[in-house]
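Residue strings, one per chain:
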Amino acid sequence: MSKLAIVTGATAGIGESTARKLAGIGFDLVLTGRRQERLERLKQQIENDYNIKVQLLCFDIRDKKEVETAIEKIEKIEELEILINNAGLASGLSPIHEGDNDDWEKMIDTNIKGLLYISRKIMPYMVKNKKGHIVNIGSVAGREVYPNGNVYCATKHAVDALSKAMRIDLLPHGIRVTQIAPGAVETEFSIVRFHGDEGKAKAVYNGFDPLLAEDIADAVIYAVTRPAHVNINDMLIMPTAQATATNIDRK
Ligand code: NDP
Ligand code: 8X3
């Protein structure tokens, strides 16, 4: 029987790299995101490079109805072994008293509610199979709160809490739950956070070597390839030049 994994937010960064690496170890894939063209390009590349099948689902994870309709379209959903809850974003970086309600809603709806909508649709299949592995992409922002990070940090603290909650509630069903919490990874993350301002985004990574998307994808692959009796609960992964969310050794 083929192995099947779903990666949310596969059109860029950590999700895209994780998709390639899962394909490299033989998983058929369901890839999601809002940017159809990118999804199609990635499917073509991955199916060329690896002998696996890719299904695409283009939808906005914030929309419960869209999530439900999309997930119901997955072929062989009963064979889904791995869910990578990766889709997420930061929007804005400002003191809480100057925060923008639209930014807040975007982050809460994507990072918390979107993750829940997807998980709620997929977990019952895993429970039925008494098997499965959920990997939630948290953040150092789920361990610490830093200046102006307020709502983003709150959403990632929620991912931390939900990872622990899943591990407890899914325990009797043999389902593994891993949280991977990165520090600074250079992806499109900061471009999105600064609403497309590439100069501001670039400056985030000035003077030190940030993590690459591949570094986090490697950790995902490590977690999902452990023997069935081993669960990696949690990994906090930082660039060598970063000690905490705010302590970065810039040269
Ligand atoms: P990118 O911006 O490069 O990728 C984010 C992905 O999430 C894209 O594929 C995007 O797809 C998808 N996404 C965002 N919003 C939605 C939505 N509403 N519906 C569907 N898909 C959505 O960032 P990263 O790869 O860095 O981020 C991946 C995860 O890693 C996030 O959860 C982020 O919080 C976390 N993280 C990132 C860190 C970093 O420093 N980069 C550090 C710690 C954690 P599309 O736009 O096509 O919809
Ligand atoms: C992304 C890393 O430090 O910008 O989660 O919050 S940080």
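Above: the structure in question.
First, a word on what this report is: a plain description of the structure on this page.

What counts, and where the lines are drawn
- Residues numbered from 1 in each chain as written.
- Chains lettered and ligands numbered in written order.
- Predicted model: local features only at pLDDT ≥ 70, side-chain atom pairs only at ≥ 80, totals over all residues.
- Heavy atoms only, no water.
- Helix = DSSP H or I, 4+ residues; strand = E, 2+ residues; numbered from the N terminus.
- Buried < 20%, exposed > 50% of the residue type's maximum accessible area, 1.4 Å probe, protein only.
- Phe/Tyr/Trp six-rings, centres within 6.5 Å; stacked < 30°, edge-to-face > 60°.
- Lys NZ or Arg CZ within 6 Å of the ring centre and 35° of its normal.
- Pairing = 2+ DSSP bridges.
- Axes fitted to C-alpha atoms, helices over the stretch in contact; angles between N-to-C directions.
- Contact = heavy atoms within 4.5 Å.
- Parallel < 35°, antiparallel > 145°, perpendicular 65-115°, else oblique.
- Left-handed = near helix turned anticlockwise from the far one by under 90°.
- Near = heavy atom within 4 Å.
- Polar contact = N/O pair within 3.5 Å; in protein donor to acceptor, adjacent residues only side chain to side chain.
- Areas by Shrake-Rupley, 256 points an atom, 1.4 Å probe, with all protein chains shown as cover.
- Nonpolar A, V, L, I, M, F, W, Y, C, P; charged D, E, K, R; others polar.

Thoughts on unusual backbone geometry
It is generally the case that most residues other than glycine have a negative phi and that most peptide bonds are trans.
Point 1. Of note, Asn-148 is a non-glycine position whose phi angle comes to about 70 degrees, a positive value.
Point 2. Assignment of secondary structure puts Asn-148 in the loop between β5 (132–137) and α5 (150–169).
Point 3. Residue Asn-148 is classed as partly exposed on the basis of its relative accessible area of 33%.
Point 4. The residue His-195 is not glycine, and still its phi comes out positive at about 50 degrees.
Point 5. Examined against the element boundaries, His-195 turns out to sit in the loop between α6 (189–193) and α7 (198–203).

Comments concerning the packing of aromatic side chains
Point 1. Inspection of the entire model under this criterion finds one aromatic pair.
Point 2. The ring of Tyr-222 has Arg-226 sitting right over it, with the charged end atom 3.9 Å from the ring centre.

Here's the deal with the sheet that holds strand β6 (residues 175–182)
Point 1. Pairing in this open sheet of seven strands is parallel, and the strands run β3-β2-β1-β4-β5-β6-β7 from one edge to the other. The open sheet has two edge strands, β3 (54–58) and β7 (234–237), and neither has a second partner. For this sheet the average axis-to-axis angle between neighbouring strands, irrespective of direction, equals 15 degrees.
Point 2. Of the strand pairs in this sheet, strand β1 (residues 3–7) and strand β2 (residues 27–33) are connected by five bridges, and their pairing is parallel. Within the sheet, the bridge partner assigned to Ala-5 lies in β2 and is Leu-29.
Point 3. Packing of helix α4 (residues 101–129) onto the sheet brings it into contact with β1, β4 (80–85), β5 and β6, and relative to β4 it is tilted by some 165 degrees.
Point 4. Running over the sheet, α5 touches β5, β6 and β7 and is turned about 160 degrees from β6.

Thoughts on the packing of helix α1 (residues 13–24) against helix α2 (residues 36–49)
Point 1. For the pair α1 and α2, interaxial distance at closest approach is 10 Å and the crossing angle is 25 degrees. With respect to α2, the element α1 is oriented roughly parallel. Note on packing geometry: the crossing formed by α1 with α2 is right-handed. Residues Glu-16, Ala-19, Arg-20 and Ala-23 of α1 form the contact with α2, whose own contacting residues are Leu-42, Gln-45 and Ile-46.

Some points on the site of ligand 1
Point 1. Of all residues adjacent to ligand 1, which total 29 residues, the nearest are Thr-11, Arg-34, Asn-86, Tyr-152 and Thr-187.
Point 2. Between an oxygen atom of ligand 1 and a side-chain N or O atom of Tyr-152, the distance comes to 2.8 Å.
Point 3. At a separation of 3.0 Å, an oxygen atom of ligand 1 approaches a polar side-chain atom of Lys-156.
Point 4. Protein chains bury 96% of the 880 Å² of accessible surface belonging to ligand 1 in isolation.
Point 5. Listed by contribution, the elements that provide at least two residues to the shell around ligand 1 are α1 and α5.
Point 6. The class makeup of the residues in the shell around ligand 1 is 12 nonpolar, 11 polar and six charged.

Note that all results are geometric; they support no functional claim without further evidence.
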